[in-house]
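# Structural overview
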Amino acid sequence: MDKTKTRNVKFILGLTLTGIILVMMIAGIVHTPYDPMAMDLSAKLEGVSFKHIMGCDNFGRDIFSRVLVGVRETMFVAAAVVFIGTFVGIIIGTVTGYFGGWVDEILMRFNDAVLAFPSVLLALLVIGIMGGGTKALIIALGIAFVPSFARIIRGEVLRIRNLDYIQCVRLYGASHLRIIVVHILPNLRTVLLSSVLIGFNNAVLAEAGMSYLGMGAQPPYPSLGLMLSEAQGVIYSNPWNAVFPGLVIVIMILGFSLLSDSLEKKT
Amino acid sequence: MANILEVRNLSVEFKKDKKPFFAVSDVSFDVKEGEILGLAGESGCGKSSLSRAILGIQKKGVTGSVKHFAKRPQMVFQDPAGSLNPSQKIGFILEEPIRVKGNFDKAERKRRVKDMLKKVDLDEEILDRYPNELSGGQRQRVCIAAALMQEPKFLIADEPVSALDVTVQSQILELLKRLHKELGIAILFISHDLRVVYNLCDRVMVMKSGKIVEMGELQDVYFNPQHPYTKSLMDAAKTKYLK
Ligand SMILES: Nc1ncnc2c1ncn2[C@@H]1O[C@H](COP(=O)(O)OP(=O)(O)OP(=O)(O)O)[C@@H](O)[C@H]1O
Ligand SMILES: [Mg+2]
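Here the residue index of a chain counts from 1 through its sequence in written order. Chain A is the first chain written and ligand 1 is the first ligand written, with later ones labelled in order. Confidence filtering applies because this is a predicted model: local features only for residues at pLDDT of at least 70, side-chain atom pairs given and counted only at 80 or more, and all residues used for totals across whole chains, interfaces and linings. Calculated side-chain values reflect all of the structure's heavy atoms, with hydrogen atoms and water omitted.

With that out of the way, let us pick up the sheet that holds strand β7 (residues 186-191) of chain B. All names here are of chain B. The pairing criterion is simple: DSSP has to find at least two bridges between the two strands. Under the DSSP-based scheme used, a helix requires at least four consecutive residues in state H or I and a strand at least two consecutive residues in state E, with every element numbered from the N terminus. Across the sheet, which stays open at both edges, the six strands sit in the order β5-β6-β7-β3-β8-β9 with mixed pairing between neighbours. This sheet does not close on itself; its edge strands, each paired only once, are β5 (74-76) and β9 (211-217). Across the sheet, the mean angle separating the axes of adjacent strands is 20° when strand polarity is ignored. With three bridges connecting them, β5 and strand β6 (residues 154-158) associate as parallel partners. Among the inter-strand pairings, Val76 is bridged to a residue of β6, identified as Ala157. Each axis is a line fitted through C-alpha atoms, and for a helix only the stretch in contact is used; angles between axes span 0 to 180 degrees, taken between their N-to-C directions.

Have a look at this one:
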């Protein structure tokens, strides 16, 4: 009883926070009060006011507008990264978990190797090859995300393929492809849902971190991590430059974790 | 009667704490067309391991030979909860055995499923439900129905009633008895309950620690057991029934 109650509170809170982020993201796509990249030196480092509700940065750009577009950018990168991670992860995890044997050995060793490789280093490598920018970041993080997804999927497939109902279907003479697609994949959805939400969170953090290090969105284009990095120089005189983008990242992460917490094992 | 299954020197080896361990050791027997052969033995003696090896579900560590004379033998599992795909409706589950063979159109499949539902005494409204919306007894009926959809000539029923409560048990046993009579299918019926085996089977094998210690006609094994283990089992069973 008590447990379901805290779960409901978490769910509502998570939904509200995620809702706020989604509204910001849509605003970032549809309309921002100012051009997020337009510099206005007369408004340089202007404080919080009705005109600029989050103030202005070092170049006189409206922080609120930049945050809206930054949310969009972060969400896009995170979604793309999670998509690559799950898609490739499902393929690798299913093949290794279902067939086992040497395919499993080889792919999982490879998996461990990627997993052991620091993702920052991996990102540097990919970005070095591809020459930076959002696309390179997505690919770099996407590759870094594959192993953890593959591992989760593999474990679940390994469990399901030994269940009695799979043996039944095998006895009917169903093909491997049919067993995987019709009888195993649909049953991965619970595990997938929670790992996608957690993965999304990690992707948001990774995107912010990478952009902060200058390996994501390129200035003057805004991203939350990049804004944090740019705010560094004026952190003492104009702390809101860092506070607002930081706050939005916190709201994002908190919203998703609360959601994934409340959805976990609900079925 | 001709044989429908011949098992020769079948062993199943597992590694337990890195030491080899035989769950089934050197088992040989035949199942004849249309008979119900009982396999009795206490929990952990290797009954499920034997049936998995017979059907090729377990391949690792299996030695000896298994010869099937009927195609596509089927199995009804011990736990009806795990033998139905939780994310498919009963209608889909029952169609699957004839869908994978692919030689019936949709209307014919639906017709056959409905016929089968009548045979196992299930209502048609069950077709739109998910497995977790059924009772244990209903689930086991669905499992039996699914196992019969391809019209097999040989079925292994691995403790099909041990997960059910007593009244439902007897209903399912009656159903199996009736289906056996109607369809003339051979069944290897596995149970640790000697009373259930006595009710249903023509012949019986007694298993202990992976070995078949006694095999023969029901009456002989029950009333004139040769092996000391069988004797003790029967004595225990008799005192239980008398109570
Ligand atoms: N995959 C496995 N790995 C190792 N040991 C196993 C495995 N499966 C079964 N065993 C062991 O083999 C023995 C026989 O198990 P099995 O499941 O065949 O018994 P059973 O007669 O079907 O028992 P029950 O009546 O409880 O179903 C047991 O000691 C069990 O621990
Ligand atoms: Mg068993």
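Moving on: the coordination of the magnesium ion (ligand 2). All names here are of chain B. For the magnesium ion (ligand 2), the full set of protein donor atoms is Ser48 (OG) and Gln78 (OE1), at a range of 1.9 to 2.7 Å. With Ser48 in helix α1 (residues 47-54) and Gln78 in the loop between β5 and α2 (90-101), this pair connects stretches of sequence that are 30 residues apart. A relative accessible area of 24% places Ser48 in the partly exposed class. For Gln78, a relative accessible area of 32% gives the class partly exposed. In this listing, donors mean N, O and S atoms no farther than 2.8 Å from the metal, or 3.2 Å for Na, K and Ca; water is missing from the atoms, so a site can look incomplete. Each residue's exposure class comes from its accessible area (1.4 Å probe, protein chains only) as a fraction of the maximum for that residue type: buried when under 20%, exposed when over 50%, partly exposed otherwise.

Turning our eyes to something else, we now look at the layout of surface pockets. Put simply, the grid is 1 Å and covers the protein atoms alone, a cavity is a trapped set of points that fit a 1.4 Å probe, a pocket is an open set with protein on both sides within 12 Å along at least five of seven lines, and lining residues have an atom within 4 Å of a point. Grid points are joined across faces, edges and corners, and a volume is the space filled by probe spheres set on the points. Here the second largest pocket defines a volume of roughly 420 Å³. In terms of lining, the second largest pocket is formed by 13 residues, of which the most central are A:Arg161, A:Asn162, A:Arg170, B:Ile57 and B:Lys59. Listing elements by their share of the lining of the second largest pocket, those giving two or more residues are α2 (63-99) and α6 (164-172) of chain A. Grouping the amino acids of the lining of the second largest pocket by side-chain chemistry returns three nonpolar, five polar and five charged. Throughout this entry, Asp, Glu, Lys and Arg are counted as charged residues, while Ala, Val, Leu, Ile, Met, Phe, Trp, Tyr, Cys and Pro are counted as nonpolar. The remaining residues, Gly among them, count as polar.

The next point concerns the interface of chain A and chain B. Note on contacts: a residue pair qualifies if any of its non-hydrogen atoms lie within 4.5 Å across the two residues. Taken together, the contact pairs 16 residues of chain A with 23 residues of chain B. Of all residues in chain A, A:Asp164, A:Leu171 and A:Tyr172 give up the largest surface area on contact with chain B, accounting jointly for 46% of the area buried on that side. Here a salt bridge means any side-chain nitrogen of Lys or Arg lying within 4 Å of a carboxyl oxygen belonging to Asp or Glu. A salt bridge links A:Arg178 to B:Glu96; the nearest nitrogen and oxygen atoms lie 2.6 Å apart. Elements with a minimum of two residues in the side of chain A that touches chain B: α6 and α7 (176-184) of chain A. Counting residues per element, the side of chain A that touches chain B draws most heavily on α6(A), at seven residues. A class-by-class count of the residues in the side of chain A that touches chain B yields nine nonpolar, four polar and three charged. Buried area: the accessible surface (1.4 Å probe) lost by two parts on joining, summed over both.

A few words on the domain arrangement of chain B. Residue and element names in this part refer to chain B. Reported domain spans reflect what an automatic or database domain assignment gives. Domain parsing of chain B yields domain 1 (1-73 + 154-243) and domain 2 (82-151). Between the C-alpha centres of domain 1 and domain 2 there is a distance of 26 Å. On the side of domain 2, 13 residues touch domain 1, which itself brings 14 residues to the contact. Taking both partners together, domain 1 and domain 2 bury about 1100 Å²; carbon and sulfur atoms supply 69% of that area. Taken together, the connections running from domain 1 to domain 2 amount to one salt bridge. Among the salt bridges present, the one from Arg178 reaches Asp121, with a minimum N-O distance of 3.4 Å. Each polar contact in these results corresponds to two N or O atoms within 3.5 Å; when the atoms are within protein, one needs to be able to donate a hydrogen and the other to accept it, and residues that are neighboring in sequence are counted only if both atoms are side-chain atoms. Linking domain 1 with domain 2 are three residue pairs in polar contact (both at pLDDT 80 or more). No other element matches helix α5 (residues 166-183), which puts nine residues into the side of domain 1 that touches domain 2. For the side of domain 1 that touches domain 2, the per-class residue count stands at ten nonpolar, one polar and three charged.

This next bit is on the packing of helix α4 (residues 119-130) of chain A against helix α5 (residues 134-161) of chain A. Residue and element names in this part refer to chain A. For the pair α4 and α5, the least separation of the axes is 9 Å and the interaxial angle reads 140°. Relative to α5, the element α4 is oriented oblique. Read as a crossing pair, α4 and α5 show a hand that is right-handed. Between α4, through Ser119, Leu122, Ala123, Val126, Ile127 and Met130, and α5, the contact on the second element is made entirely by Ala136, Leu137, Ile139, Ala140, Ile143 and Ala144. Any angle between 65 and 115 degrees counts as roughly perpendicular, while under 35 counts as roughly parallel, over 145 as roughly antiparallel, and the rest as oblique. The sense of a crossing depends on the near helix, which, turned anticlockwise from the far helix by less than a right angle, makes the crossing left-handed and, turned clockwise, makes it right-handed.

Here we take up the site of ligand 1. Residues and elements named next belong to chain B. In the neighbourhood of ligand 1, 14 residues make up the surrounding shell, with Ser43, Gly44, Ser48, Ser49 and Glu159 lying closest. At 2.6 Å from an oxygen atom of ligand 1 is found a side-chain nitrogen or oxygen belonging to Ser49. Between an oxygen atom of ligand 1 and a side-chain N or O atom of Gln78, the distance comes to 3.0 Å. For ligand 1, whose unbound accessible area comes to 640 Å², protein coverage reaches 66%. Looking at the shell around ligand 1, the elements that each hand over two or more residues are β1 (3-16), β2 (19-32) and α1. Considering each element in turn, the shell around ligand 1 owes the most residues, three residues, to α1. Definition of nearness: a residue and a molecule or strand are near each other if at least one heavy atom of the residue lies within 4 Å of the molecule or strand. Residue-level accessible areas treat just the shown protein chains as cover; the underlying method is Shrake-Rupley with a 1.4 Å probe.

Extensive coverage of β6(B) is indicated by the burial of five of its five residues. Convention used here: a crossover is right-handed provided that the path from the first strand, over the helix, to the second strand proceeds clockwise when the strands point away from the viewer. Since β6(B) and β7(B) lie parallel, the crossover through α5(B) that links them has a hand, and here it is right-handed.

Another point: the state of the cysteines. By disulfide we mean two sulfur atoms from cysteines, separated by a distance within 2.5 Å. Tallying each qualifying case throughout the model produces zero disulfides over all chains. Free cysteine: B:Cys45, not disulfide-bonded; nearest cysteine sulfur from B:Cys201 at 14 Å. For the unlinked cysteine B:Cys143, the closest cysteine sulfur is that of A:Cys168, found at 6.3 Å.

Moving on: the pairing of β7(B). Strand residues, when the strand is regular, have side chains that alternate between the two faces of the sheet. Residues and elements named next belong to chain B. Summarising burial for β7: six of the six residues are buried, a large majority. Across the two faces of β7 the burial is the same, with Ala186, Leu188 and Ile190 and Ile187, Phe189 and Ser191 all buried. Examined bridge by bridge, β6 and β7 share five bridges and lie parallel to one another. The residue bridging Leu155 from the neighbouring strand is Ile187, located in β7.

Take the confidence of the model for chain B next. In this model, chain B carries a mean pLDDT of 90, and residues with pLDDT of at least 70 account for 98%. Overall fold confidence (pTM) sits at 0.83, and the ipTM for the predicted complex is 0.89. What pLDDT reports is the predictor's confidence in each residue, on a scale of 0 through 100.

A complete count under the given rule lists one cavity of 30 Å³ or more for this structure. Taken as a whole, the largest cavity holds about 150 Å³ of empty space. Lining of the largest cavity is provided by 17 residues; of these, A:Cys168, A:Val169, A:Tyr172, B:Ser83 and B:Ile93 occupy positions nearest its centre. At the level of elements, α6 of chain A together with β5, α2 and α4 (136-148) of chain B are the ones that each hand at least two residues to the lining of the largest cavity. When residues of the lining of the largest cavity are assigned to their parent elements, the largest contribution, four residues, is made by α6(A). Classifying every residue of the lining of the largest cavity gives eleven nonpolar, five polar and one charged.

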